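Take a look at the letters that make up each chain.
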Amino acid sequence: MEEYAPELYDFPRKIQGIEAEIERVTADLADKKIDEVDAKVELLPLVREERELQDDPEYLVSQRIARVALTSPAYLAEKRKLTDRFGTRRP
């Protein structure tokens, strides 16, 4: 799918990296490795960056373009070929 909309994958990769950091901080908080004050200090910039990426007009436009690309006849034909070849049809 990435070949049909490669720009769509840059933002999610960045967002996933931020989410991993957020999970690390919250795990540290749960394990009492850090306190709530330290967690907030670490989480605020991460959440702000995540939000900025999600609200980025380029990202929003690339999502819309990807929706079109992923419903294009060329993509659907390729998907159908792969499904027929590998039998990965989902119910």
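Coordinates for the structure precede this section.
Numbering of residues starts from 1 in each chain and follows the order in which that chain's sequence is written. This being a predicted model, a pLDDT of at least 70 is required before a residue's local features are given, and a value of 80 or more before pairs of side-chain atoms are given or counted; all residues contribute to the totals for chains, interfaces and linings. Heavy atoms throughout the structure, all of them, feed into the side-chain values; hydrogens and water do not.

**Some words on the packing of aromatic side chains**
The condition is simple: Classification of ring pairs rests on two measures: the distance between centres of Phe, Tyr or Trp rings, Trp counted by its six-membered ring, which must be within 6.5 Å, and the angle between planes, read as stacked under 30 degrees, edge-to-face over 60 and tilted in between. Only DSSP runs of H or I with at least four residues qualify as helices, and only runs of E with at least two residues qualify as strands; both kinds are numbered from the N terminus onward.
Taken as a whole, this structure holds one aromatic pair when the rule is applied. Taking the centre distance of 5.0 Å and the plane angle of 45° together, the rings of F11 and Y59 count as tilted. Note that F11 is positioned in helix α1 (residues 7-30) and Y59 in helix α3 (residues 57-69), a separation of 48 residues in sequence.

**Structural notes on unusual backbone geometry**
You will see that K32, though not glycine, has its phi angle at about 60°, which is positive. Along the chain, K32 turns up in the loop between α1 and α2 (36-55).

**Quick notes on the side chain of D28**
Keep this limit in mind: Here, two residues are considered to be in contact whenever any of their heavy atoms come within 4.5 Å of each other.
Its location among the elements puts D28 in helix α1. Other than its neighbours up to four places away in sequence, D28 contacts K33 and I34.

**A look at the pattern of salt bridges**
What counts here: A pair is scored as a salt bridge if a Lys or Arg side-chain nitrogen falls within 4 Å of a carboxyl oxygen belonging to Asp or Glu. The cut-offs for exposure are 20% and 50% of the maximum accessible area for each residue type, with area from a 1.4 Å probe on protein chains only; residues under the lower value are buried, those over the upper are exposed, and the others partly exposed.
Under the definition given, this model contains five salt bridges. Close ionic contact of R24 with D28 constitutes a salt bridge, the shortest N to O distance being 3.2 Å. Taken together, the residues R24 and D28, both in helix α1 and four residues apart, mark about one turn of the helix. Judged by relative accessible area, which is 34%, R24 ranks as partly exposed. The buried category is assigned to D28, whose relative accessible area is 15%. Bridged by salt links that share partners, the residues E21, R24, D28 and E42 form one connected network.

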